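What follows is the residue order along each chain.
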Amino acid sequence: METLFLDDCEEQLETAAKLIKSGEVVGIPTETVYGLGADAANEAAVRKIFAAKGRPADNPLIVHLADFSDAEKYTEYIPELARRLAEKFCPGPLTMILPKNDRIPYVTSGGLDTVGIRIPSHPVIRRIIELSGCPVAAPSANTSGCPSTTSAAHVMADMNGRIAAVVDGGQCRFGVESTVISFENDDTVRILRPGCVTREQLLTVCGNVIVDKAVLSGLDNDEKAASPGMKYKHYSPAADIILVDSDLAGFTAFVGEHCGSGVYALVFDGEENEMPCKCLTYGADSLQQAHFIFQKLRELDRLGAEKVYVRAPSKEGVGLAVYNRLIRAAGFEVIRI
Ligand code: TXA
Ligand code: MG
C-alpha cells in the first residue's frame, strides 16, 4: 500500500480522521512519541495495527480520548483517585489502567479485562480524535522491539508501505512514552512503566506510589508481567547496547579498554571530549535525555555502530523512564563499576 505523507493543516487532518473512521491505520504525533492510531472499537482496524508492528497479540493497546469525561463510555468503573489524577495530569503523558466495558474489544485490550486510557495533549492527535469521533487505539509507531519513533521520518522508516498515512507534527516534545499506572487501592497507584509524569509528581495526589519490580529489572520466565509490554526485549536498535553504570572516570577507563572499530559510546552532553572512542551524546539532564534517547539509538544504527556502551542515566525523576528504556534496549545487560 502507498503510505500518504500528510502535514498538520486542517484539511490533511480531516483526511487522517476519515482514514481512521474507515478502519485504516495512521501514524500520528503525540507529545510523547508517535503512535499508530486506529479506531479502538473496530476489531479489524486494530488487527491492522498489530500486523503493521509485528506485535504479539497479548500486548494491549492504549486508548486515546479527547477528554477524561469520555472515559465513562469505555470503562466499568472509575476510582475517585483516577479522577483526581486526571484533574492534575490530563491532558498529558499519563495512562491509567481501568476496568474496560464491552465497547472495547478484547483484541484492543490484548485479552485483558482492563484498558489503558490516555488523554494526549498534542493538538494533532486531539484534533484527529475530535474529527473522527473515534476512541483512538495507538501503540508507539515502531516495528515491535525497535526504538520508538519521535519524528514523522522515523515513522516512515519503519512503516512506509504498511499503513495508510503518517501525519507530520514535528519532533515529539517528551521523547519517551507515557507513564502507565494501575490502581492498588483508594490511595495507592503502581507504576507499570515510568514516563514524564514522575513518581514524585504522582505523590502530590496519591498517598503511596509503588514502582513495579519490572520497571528496573527483567522478569523471570515464570513471572507474570502486570504490564505485558514490560516482559519483552524492547526499544532495541540493531547495535548491541550495553549499559555501563559508573561515574565518568570509571566509564572512560572502561570504554578505553574496550574500544575497537564499530564501538561507540553514548554519553552525556559535555563528556564527548573525554571519550577515547567514537561517541554521541544524548543530553545534559533527564528531560533532555528522554527527549533524545530514541533518536540517538536510531542514529547509532545509521552510523553502523555494532556495539554501544551507554553511560547510565540517573534513576531520579524523569531519569527513571530513560533508565527503564535503556535496560530493555540492553536486554538487561548492565555493567556496574
Ligand atoms: O505515550 C504513549 O503511551 C504512546 C503514545 C502513542 O500514546 N503509546 C505507547 O503504547 O507507548 P505502547 O503500546 O507502545 O505501550 C503501551 C504499554 C505496553 O507496555 C502495554 O503492555 C501497556 O502499556 N498496557 C496497555 N494496556 C494495558 C493494560 N490494560 N494493562 C496493563 N498494561 C497495559
Ligand atoms: Mg511501544
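About the cut-offs
Just so you know, the residues in each chain are numbered from 1, in the order the chain's sequence is written. To read the labels, note that chains go from A and ligands from 1, taken in the order they are written. For a predicted model such as this one, the threshold for reporting local features is a pLDDT of at least 70, and the threshold for listing and counting side-chain atom pairs is 80 or more; totals across whole chains, interfaces and linings nevertheless cover every residue. Derived side-chain values reflect all non-hydrogen atoms in the structure, with water molecules and hydrogen atoms excluded from consideration. As used in this record, nonpolar core signifies buried Ala, Val, Leu, Ile, Met, Phe, Trp, Tyr and Cys residues forming a set joined through side-chain atoms within 4.5 Å. Only protein chains enter the accessibility calculation, which uses a 1.4 Å probe; a residue is then buried when its area is under 20% of its type maximum, exposed when over 50%, and partly exposed in between. By definition, any uninterrupted DSSP run of H or I lasting at least four residues is a helix, any uninterrupted run of E lasting at least two residues is a strand, and each is numbered from the N terminus. Any two residues whose heavy atoms approach within 4.5 Å are treated as being in contact. Whether a residue is near a molecule or strand is decided by its heavy atoms; if any one of them lies within 4 Å of it, the residue is near. Throughout this description, a polar contact denotes any pair of N or O atoms lying within 3.5 Å of each other; where both atoms belong to protein, one of them has to be capable of donating a hydrogen while the other can accept it, and for residues adjacent in sequence the pair is counted only when both atoms sit in side chains. Here, Shrake-Rupley sampling with a 1.4 Å probe gives the accessible areas, and only protein chains in the shown set may cover a residue. Here a cavity is any set of points on a 1 Å grid over the protein atoms alone where a 1.4 Å probe fits but cannot get out, and a pocket is any open set with protein on both sides within 12 Å along at least 5 of 7 lines; a residue lines the site when it has an atom within 4 Å of a point. Think of it this way: if more than half of a molecule's atoms are within 2 Å of a pocket's grid points, that molecule is in the pocket or cavity. When residue character is reported, Ala, Val, Leu, Ile, Met, Phe, Trp, Tyr, Cys and Pro are called nonpolar, Asp, Glu, Lys and Arg charged, and the others, Gly included, polar. Like-charged residues within 9 Å of one another, or nonpolar side chains (Val, Leu, Ile, Met, Phe, Trp, Tyr) within 5 Å, are grouped into patches, provided each residue has over 30% relative accessible area and no salt bridge. The salt bridge definition used is simple: a Lys or Arg side-chain nitrogen within 4 Å of an Asp or Glu carboxyl oxygen. The sign given to each residue is positive for Lys and Arg and negative for Asp and Glu; His and the chain ends receive no count. To locate a charge, take NZ of a lysine, CZ of an arginine, CG of an aspartate or CD of a glutamate. Grid points are joined across faces, edges and corners, and a volume is the space filled by probe spheres set on the points. An expected span of 1.5 Å times one less than the residue number is assigned to each helix. Pairing between two strands is assigned when DSSP locates at least 2 bridges connecting them. For helices, the axis comes from a line fit to the C-alpha atoms of the stretch in contact; other axes are also lines fit to C-alpha atoms, and the angle between any two N-to-C directions lies between 0 and 180 degrees.

Caption draft 1: Main features of the nonpolar core. Residues Phe68, Leu85, Met96, Ile181, Phe183, Val189 and Leu202 are the most contacted members of the largest nonpolar core, which totals 51 residues. Breaking this core down by element, the ones donating at least two residues are β3 (35–39), α2 (43–53), α3 (80–89), β5 (94–99), β6 (114–118), α5 (152–159), β9 (179–185) and β10 (188–193). Aside from chain neighbours lying at most four places away, what touches Phe183 is Pro79, Leu81, Ala82, Leu85, Met96, Ile97, Leu98, Thr188 and Val189. In this structure, Ile241, Ala305, Ile327 and Ala330 belong to the second largest nonpolar core, which totals 30 residues.

Caption draft 2: Quick peek at the site of ligand 1. Residues in contact with ligand 1 amount to 25 residues; listed here are only the nearest, Thr32, Asn59, His64, Ser178 and Gly229. Asn59 is positioned with one of its side-chain polar atoms (N or O) 2.7 Å from an oxygen atom of ligand 1. One nitrogen or oxygen atom from the side chain of His64 is found 2.6 Å from an oxygen atom belonging to ligand 1. Expressed as a share of its isolated accessible area of 680 Å², the protein-covered part of ligand 1 is 98%. Judged by the proximity of its atoms to the pocket grid, ligand 1 belongs to the largest pocket. When residues of the shell around ligand 1 are traced back to their parent elements, those giving at least two are β4 (62–64) and β6. A per-element tally of the shell around ligand 1 places β6 first, with four residues. Its residues placed into classes, the shell around ligand 1 shows eleven nonpolar, ten polar and four charged.

Caption draft 3: Inspection of α5 at higher detail. With six of eight residues buried, α5 lies mostly within the body of the structure. Those residues of α5 that fall on the buried side of the exposure criterion are Ala152, His154, Val155, Met156, Asp158 and Met159. Looking at the buried positions of α5, the neighbouring elements they touch are β1 (4–6), β2 (26–28), β3, α2, β8 (165–167) and α8 (286–302). One or two steps after α5, the chain reaches Gly161, where phi turns positive at roughly 90°.

Caption draft 4: View of a negative patch on the surface. On the surface, Asp7, Asp8, Glu11 and Glu14 cluster together to form a negatively charged patch. Residue placement: Asp7 occurs in the loop between β1 and α1 (10–21). With a relative accessible area of 36%, Asp7 lands in the partly exposed category.

Caption draft 5: Region of interest: the layout of surface pockets. Considered as a void within the structure, the largest pocket measures approximately 680 Å³ in volume. Lining the largest pocket we find 42 residues, and of these Arg55, Asn59, Pro60, Ile62 and Arg193 sit closest to its centre. Within the residue set of the lining of the largest pocket, elements represented by two or more residues are β4, β5, β6, β9 and β10. For the lining of the largest pocket, the element with the highest residue contribution is β6, accounting for four residues. A class-by-class count of the residues in the lining of the largest pocket yields 18 nonpolar, 18 polar and six charged.

Caption draft 6: Looking closely at the side chain of Ser132. Its location among the elements puts Ser132 in helix α4 (residues 123–132). From its side chain, Ser132 meets the backbone oxygen of Ile128 in a polar contact 2.9 Å long. When near neighbours in sequence (up to four residues on either side) are disregarded, Ser132 contacts Ala17, Ile20 and Lys21.

Caption draft 7: Region of interest: the pattern of salt bridges. Within this structure, the stated rule accounts for 14 salt bridges. Two residues, Glu130 and Arg127, come together in a salt bridge whose shortest N-O distance is 2.7 Å. Highlighted residues: Glu130 and Arg127, both in helix α4, separated by three residues, approximately one helical turn. By relative accessible area, which is 48% here, Glu130 ends up partly exposed.

Caption draft 8: Here's a closer look at α8. For α8, built from 17 residues, the straight-helix expectation of 24 Å at 1.5 Å per residue is met to within 8% by its first-to-last C-alpha distance of 24 Å. Along α8, the residues classified as buried are Ser286, Gln289, Ala290, His291, Ile293, Phe294, Gln295, Lys296, Leu297, Arg298 and Leu300. Against the buried residues of α8 lie α5, β12 (240–245), β13 (263–267), β14 (278–281), β15 (307–311) and α9 (319–329). Between the side-chain oxygen of the N-cap and the backbone nitrogen of Leu287 there are 3.2 Å, and the N-cap of α8 in question is Asp285.

Caption draft 9: Here's a closer look at the sheet that holds β12. One open sheet accounts for five strands, arranged β14-β13-β15-β12-β16; its pairing is parallel. Looking at the sheet topology across the chains shown, the edges are occupied by β14 and β16 (334–336). Direction aside, the axes of adjacent strands within the sheet are offset by 25° on average. When β13 meets β14, the two strands line up parallel, connected through four bridges. Looking across to β14, one finds that Tyr264 is bridged to Lys278. With respect to the sheet, helix α7 (residues 248–258) is in contact with β12, β13, β15 and β16, its orientation differing from that of β15 by roughly 170°. Sheet strands in contact with α8 are β12, β13, β14 and β15, and its direction is about 170° off that of β13.

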